Amino acid sequence: MPQFSKEKYLLESAPEKLHTELEEELKLCSSDIRSHGWYHGHIPREVSETVVLRNGDFLIRDSLINVGDYVLTTRWNYEVLHIKITKVLVKSTTESKVQYLLEKDSFDSIPELKRYYVAGRRPVSQPSGALIYCPIIRTLPLRYLEATFALANSRHGLAHSPSSQKGAYIKRRSVTMNDGLTTDKLIPHSSSTIHNHKDAMRNCALSMDLIQEHRRPPLGETPLSPAYSHIHRHRTQSGVRVLAVVPPSPVLRHSSDPQLSPGSNNNLPDMLAASSHSTPAHCSYKTPADGSETGSSYCNLRPTPALCPKASCAAGMPPTPPTKSYVERLRVEEGRGPAPGREDGAGEEAFIAPLVETASSFRPGMYLSHLMPQENKPLEMSILKRVKELLAEVDVRTAARHITMADCTVARILGVTEEMQRMMGVGSGLELLTLPHGHQLRLDLLERFYTMSIMTAVDLLGCTGSKEERAALLHKTIQLAAELKSNLGNMFGFAAVMRALELPQISRLEQTWMTLRQRHTEGAILYEKKLKPFMKNMNDGKESTVLSNTSFPHVVPLLSLLERSVAVGEGPGAGIESWEKVEAGVDVVMSHLEAARTIAHHGGLYRTNAETKLQGFQEREEVLEIFRTEFQMRLLWGSRGSEGSQSERYEKFDKVLTALSHKLEPLVRHSEL
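Conventions used here
Residues numbered from 1 in each chain as written. Predicted model: local features only at pLDDT ≥ 70, side-chain atom pairs only at ≥ 80, totals over all residues. Heavy atoms only, no water. Helix = DSSP H or I, 4+ residues; strand = E, 2+ residues; numbered from the N terminus. Buried < 20%, exposed > 50% of the residue type's maximum accessible area, 1.4 Å probe, protein only. Expected span 1.5 Å × (residues − 1). Arc of directions from axis to C-beta. Lys, Arg positive; Asp, Glu negative; His and termini not counted. Salt bridge = Lys/Arg side-chain N within 4 Å of Asp/Glu carboxyl O. Polar contact = N/O pair within 3.5 Å; in protein donor to acceptor, adjacent residues only side chain to side chain. Axes fitted to C-alpha atoms, helices over the stretch in contact; angles between N-to-C directions. Parallel < 35°, antiparallel > 145°, perpendicular 65-115°, else oblique. Left-handed = near helix turned anticlockwise from the far one by under 90°. Contact = heavy atoms within 4.5 Å. Nonpolar A, V, L, I, M, F, W, Y, C, P; charged D, E, K, R; others polar. Pairing = 2+ DSSP bridges. Core = buried A, V, L, I, M, F, W, Y, C linked by side-chain atoms within 4.5 Å. 1 Å grid on protein atoms, 1.4 Å probe; cavity = no way out; pocket = protein on both sides within 12 Å on 5 of 7 lines; lining within 4 Å. Points joined across faces, edges and corners; volume = space filled by probe spheres on them.

With an unreviewed UniProt entry as reference, the protein is termed SH2 domain-containing protein 3C-like, source organism Salvelinus namaycush.

S.K.: For this particular structure, what's the right way to read the environment of Pro436?
M.R.: Mapped onto the elements of the fold, Pro436 is located in the loop between α17 (429-432) and α18 (439-461). Of the residues examined, Pro436 reaches a relative accessible area of 70% and is grouped as exposed. Taking the C-alpha atoms as reference, Pro436 lies 9.1 Å from Val356; in sequence the two are 80 residues apart.

S.K.: How do you make sense of helix α2 (residues 15-26) when you look at a structure like this?
M.R.: Because an α-helix completes one turn every 3.6 residues, residues spaced three or four positions apart along the sequence face the same direction. In this model, α2 (12 residues) spans 16 Å end to end at C-alpha, consistent with the 16 Å of a helix rising 1.5 Å per residue. Leu18, Glu21, Leu22 and Glu25 are the residues of α2 that are buried. Looking straight down α2, one finds that the buried residues subtend no more than 105° of arc, so they occupy a single side.

S.K.: Hey, could you run me through the side chain of Asp62 in this one?
M.R.: One can find Asp62 in strand β1 (residues 57-62). Despite its burial, Asp62 pairs with no opposite charge, the nearest such side chain being Arg61 at 8.4 Å. Here Tyr39 takes part through its side chain, which lies 2.8 Å from a polar atom of the side chain of Asp62.

S.K.: So what exactly am I meant to see when it comes to the packing of α18 against helix α20 (residues 491-502) here?
M.R.: The angle between the axes and the distance between the axes are what describe a pair of packed helices. For the pair α18 and α20, the least separation of the axes is 8 Å and the interaxial angle reads 45°. Taken together, the axes of α18 and α20 are oblique relative to one another. Read as a crossing pair, α18 and α20 show a hand that is right-handed. Contacts from Leu445, Arg448, Phe449, Tyr450, Met452, Ser453, Thr456, Ala457 and Leu460 of α18 reach α20 at Phe492, Ala495, Ala496, Arg499, Ala500 and Leu501. Here the contact of α18 with α20 is composed, by residue class, of 11 nonpolar, two polar and two charged.

S.K.: Whenever I open this one, the pairing of β1 confuses me. Can you help?
M.R.: Consecutive side chains along a regular strand alternate between the two faces of the sheet. Burial analysis of β1 places six of its six residues in the buried class, the great majority of the element. Two elements, β1 and strand β6 (residues 134-137), share two bridges in a ladder whose sense is parallel. Along β6, the bridge assignment pairs Asp57 with Cys134. Relative to strand β2 (residues 70-76), β1 runs antiparallel, the two being bridged by five bridges. Among the inter-strand pairings, Phe58 is bridged to a residue of β2, identified as Thr74.

S.K.: Help me out: how do you make sense of the nonpolar core in this one?
M.R.: In this structure, Leu445, Phe494 and Phe631 are the most contacted members of the largest nonpolar core, which totals 95 residues. Among all residues touching Phe494, those that are not within four sequence positions of it are Ala481, Leu484, Lys485, Leu531, Phe534, Met535 and Met538. Counting 23 residues, the second largest nonpolar core, distinct from the first, contains Trp76, Tyr100, Val118 and Val124.

S.K.: Help me understand empty space enclosed by the protein in this model?
M.R.: In the structure shown here, the tally under the stated rule is seven cavities of 30 Å³ or more. In this structure, the largest cavity spans a volume of roughly 70 Å³. Around the largest cavity, the lining residues are Leu460, Arg470, Leu473, Leu474, Ile506, Leu509, Thr512 and Trp513. Looking at the lining of the largest cavity, the elements that each hand over two or more residues are α19 (467-486) and α22 (510-519). For the lining of the largest cavity, the per-class residue count stands at six nonpolar, one polar and one charged.

S.K.: I would appreciate a short explanation of the side chain of Asp540 in the present structure.
M.R.: Mapped onto the fold, Asp540 is located in the loop between α23 (521-539) and α24 (556-562). Classification of Asp540 by relative accessible area gives buried; the value is 9%. Only 2.8 Å separates the side chain of Asp540 from the side chain of Lys536, close enough to count as a polar contact.

S.K.: How should the pattern of salt bridges be read in this particular structure?
M.R.: Considering all chains together, one arrives at 19 salt bridges under this definition. Here Lys388 makes a salt bridge to Asp459, at a shortest N to O gap of 3.0 Å. Residue Lys388 is located in helix α14 (residues 381-393), and its partner Asp459 is located in helix α18; the two are separated by 71 residues in the primary sequence. Between Arg422 and Glu419 there is a salt bridge whose closest N-O contact spans 2.8 Å. Taken together, the residues Arg422 and Glu419, both in helix α16 (residues 418-424) and three residues apart, mark about one turn of the helix. The class of Glu419 is partly exposed, set by a relative accessible area of 43%. One salt-bridge network, held together by shared partners, links Arg386, Glu389 and Glu622.

S.K.: How should the environment of Gly523 be read in this particular structure?
M.R.: If you trace the backbone, Gly523 turns up in helix α23. When its relative accessible area of 2% is taken as the criterion, Gly523 is described as buried. Taking the C-alpha atoms as reference, Gly523 lies 5.8 Å from His475; in sequence the two are 48 residues apart. Excluding residues that lie within four positions of it along the chain, Gly523 makes contacts with His475 and Ile478.

This is how it looks when you write it as structure tokens:
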């Protein structure tokens, strides 16, 4: 009995069967991405580049690097662009939903994303200004395309393709002795259903020729059959270019025909070595200026040169190898652009090991300010008075923008030079803080977090006027927290202000809070019903913010998780964490670790968001100085005490805050009741 190869069968399906299967896919619900012809599934990037030939042509495919993400491939100004579409999970108190992010815009589905850019004629890439308006429609079912390119992809990637997701079904067929096709039953479609090779074969990237060995005409088809001889492109009346994918003629194949059935290995390493020097079966040409199209193949896996002389192709000479390295192609897939220091295929720069920082970026002892003398005492009255005057002069929005500017600078979201990137080894401080050599940055961020919250508490407790004045200042602080959260997307600054409001020295001021509820009811409701629950849910990993609106994500739980020795006191980022007090502590930790991956991956997006939100912002140097960490350390602990032990500084100032709180509202003794 002859051996049966599933992949051989899938590539030899009769045209009418493929046409019927394609129709079944396109009849699916419109919310299913497989029902849209512009979705091409799990095809390689090189393949997608061969089918977008004119400005505005586009297709959407699976990302071969990040499972679950997509890539929008288009051509603009004679250059192929690969724009990543990131799949993210947005959590809220009531539900969790999936969104798809392209640069700064987020969408509930891929079809919605496509409609937004095509119907609205909006650029999909701000730097290039590329527009998409002509979808490249597939004319073969996704199953066929995945089987065609299965040998070039790994099991992991194919298992997550939308066309092979759980719940999707394909027909299982068998071959009888009479070479007839019969339908057995429906089975769940998994990567093993179609691709049943050995693990070694799955993990090898076969050369183009070896893949083409399995792209032969169906049984009964002649090599010169119109459906399988060349690639056919034509435009419909609606202006949509239709693509027909066909295998190459067997005339260009080698005489050896290795059998790749599930039950045989057939000396795969030898085959790979032999095929790595073979001549490609197709040679692509650059599209002529008049718009005429040549017969370049959809299955051409190699990036071809800009111009391939016909004489070279006729002589059997291989095309010029691609100028981009594999790493560069990965960078383009990720949307990072070309590798630094590399132009037109030049050699890569020598690797530079990142610098492991051992000293804090805060040097309060060397800090010079025109708001304070070179030597100052803790909480010096003249300095404190000037600070309160400046804070009273600025509105909530201005203060929030100054805080965000200072926060993003410390976290290296803004103001990062190329030299700093080389020293860090990464492009953003948000990625650095998740790495082992980001230890010092994590310590600096925790220092800023605690110092900022203490400074806010001192501003509140330093208001020695009437309880109405304190209630008004408390209301302004609540508004500041809301501004940081909603309008500026600064979750780090928001968490610092919220920590100050939740300190026991502040929360115990019953008369002040009562006056707040009476005179500023909307502020009290905002704090109790929205800000406080939102902060708790973020710390418990139950709430996340929209990526497109966030300039500085909530990293405090991650910082305190990685730097346990620094956490002090109580509350978020301060000693007793939420995961230590709830039964679902492991789930909380895993949620924050998963969030860390998202944070590290989207450092560029957070930088863009911060620049957008601070665009046109004119800072006041004196106000910005108040929110700098060195200034706050000097003001709180003095020029000498600011460089002392961190734990001792926090412990001593906790006592200072307690004394200030009791001075404003003394403890009521039981004998006085």
